[in-house]
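One letter stands for each residue in the lines below.
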2 protein chains.
Amino acid sequence: MTRALTHVEAVRSARVFAALSDPIRLRLYTLIAASDDEVCACSFVAAIGRSQPTVSHHLKILRDSGLVTGTKRGTWVWYRANPDIATEVTQLLPARISA
Amino acid sequence: MTRALTHVEAVRSARVFAALSDPIRLRLYTLIAASDDEVCACSFVAAIGRSQPTVSHHLKILRDSGLVTGTKRGTWVWYRANPDIATEVTQLLPARISA
DNA sequence: TTGACATATCGATGGATATCAATATATACT
DNA sequence: AGTATATATTGATATCCATCGATATGTCAA
């Protein structure tokens, strides 16, 4: 059930939608979320086709939104999706037709 | 089930998330979607607290994304949410925990 | 036709953002 | 120490975007 949001609520949730509002970030996010496991950041530049600083910039925005977390282990950073944040904003939208 | 998107898919879906990425638009959208019926645009300026051109600008972005439709009847325009578009992008995100 | 009102469009402006080259930082290996 | 690799940060630039005043368009009523 969708309900109208206060401005404070809207500012918070809009940040999550903003993280998903760029095609590069949406590809990064779905790439990470499609795996139930961790994904190595080292694969993203080749997979996405943008420079390393650009990919790093987008990953930071995804991290700041809470949609993903990154864990550094040795040289590499491993990314994992946080479904709670996605669920949070999904519930603001009209419910999908029940399967 | 989330899956990685192609760039073309990502560009299309990112546009919908971009429509939801501004607090004013998110409030407008949830205001419209919270009603199962039509909502008169004439109420938005007072409800949202932005100038009439600004509200009109945001409504255009919501219309262009497909999230809402507007129907002019006489002097007023009546808005209605289109849940299909919301469902479409919701399904790109990790599934919410089943109730 | 004139006036009042609802909505859209135009034009300008300040601020945010996507991008990359260059550089910094951190880790691993020899 | 020295080299190589992964990731982050900095700095610069071009583009996009939110906002509002002014104006246009369309509708209704008198």
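All figures in this text were calculated on a predicted structure; none of them were measured in a lab. (Residues numbered from 1 in each chain as written. Chains lettered and ligands numbered in written order. Predicted model: local features only at pLDDT ≥ 70, side-chain atom pairs only at ≥ 80, totals over all residues. Heavy atoms only, no water.)

Participant: For this particular structure, what's the right way to read the pattern of salt bridges?
Facilitator: Note on pairing: side chains with opposite charge can pair once their charged atoms come close. All names here are of chain A. Counted by the stated rule, this structure contains 12 salt bridges over all chains. Residue glutamate 9 pairs with arginine 3 through a salt bridge whose shortest N-O separation is 2.8 Å. According to the relative accessible area criterion, glutamate 9 is partly exposed, its value standing at 27%. If you follow the salt bridges from partner to partner, you end up with Asp37, Glu38, Arg73 and Arg80 in one network. (Salt bridge = Lys/Arg side-chain N within 4 Å of Asp/Glu carboxyl O. Buried < 20%, exposed > 50% of the residue type's maximum accessible area, 1.4 Å probe, protein only.)

Participant: How should helix H2 (residues 23-34) of chain B be read in this particular structure?
Facilitator: Given 3.6 residues per turn, any residue in an α-helix points the same way as the ones three and four places further on. All names here are of chain B. Compared with an ideal rise of 1.5 Å per residue, which puts 12 residues at 16 Å, H2 spans 16 Å between its outermost C-alpha atoms and is within 8% of the ideal. In terms of burial, H2 is largely enclosed, as 10 of its 12 residues are buried. Taken residue by residue, H2 has Pro23, Ile24, Arg25, Leu26, Arg27, Leu28, Tyr29, Thr30, Ile32 and Ala33 as its buried positions. At the N-terminal boundary of H2, the capping side chain belongs to aspartate 22, with an oxygen 2.8 Å from the backbone nitrogen of isoleucine 24. (Helix = DSSP H or I, 4+ residues; strand = E, 2+ residues; numbered from the N terminus. Expected span 1.5 Å × (residues − 1). Polar contact = N/O pair within 3.5 Å; in protein donor to acceptor, adjacent residues only side chain to side chain.)

Participant: Mind showing me how you'd approach the interface of chain A and chain B here?
Facilitator: One frequent convention defines the size of an interface as the accessible area lost when the parts assemble. Taken residue by residue, the interface counts 35 residues in chain A and 35 residues in chain B. Buried surface at the junction of chain A and chain B, summed over both partners, amounts to about 3100 Å²; 73% is from carbon and sulfur atoms. Summed over the shared surface of chain A and chain B, the number is 0 salt bridges. For the pair chain A and chain B, the number of links is 4 residue pairs in polar contact (both at pLDDT 80 or more). (Contact = heavy atoms within 4.5 Å. Buried area = accessible area lost by both parts, 1.4 Å probe.)

Participant: When you look at the state of the cysteines in this model, what are you seeing that I'm missing?
Facilitator: Here a disulfide denotes a covalent bond joining the sulfur atom of one cysteine to the sulfur atom of another. Residues and elements named next belong to chain A. Scanning the model with the defined rule gives 2 disulfides over all chains in all. At a sulfur-sulfur separation of 2.3 Å, the disulfide partner of cysteine 40 is cysteine 42. Given an S-S torsion of about 135 degrees, the disulfide between cysteine 40 and cysteine 42 has right-handed geometry. (Disulfide = S-S within 2.5 Å.)

Participant: Sorry if this is basic, but what is going on with the sheet that holds strand S1 (residues 39-40) of chain A here?
Facilitator: Whether parallel or antiparallel, the strands of a sheet pair through hydrogen bonds between backbone atoms. Residue and element names in this part refer to chain A. Judged by pairing direction, the sheet is antiparallel, and its 3 strands sit side by side in the order S1-S3-S2 without closing on themselves. For this open sheet the edge positions go to S1 and strand S2 (68-73), each flanked by a neighbour on one side alone. As judged from the 6 bridges shared by S2 and strand S3 (residues 76-81), these two strands associate in the antiparallel manner. By the bridge assignment for S3, lysine 72 is matched with valine 77. Against the sheet, helix H2 (residues 23-34) contacts S1, S2 and S3, and its axis sits at roughly 85 degrees relative to S3. (Pairing = 2+ DSSP bridges. Axes fitted to C-alpha atoms, helices over the stretch in contact; angles between N-to-C directions.)

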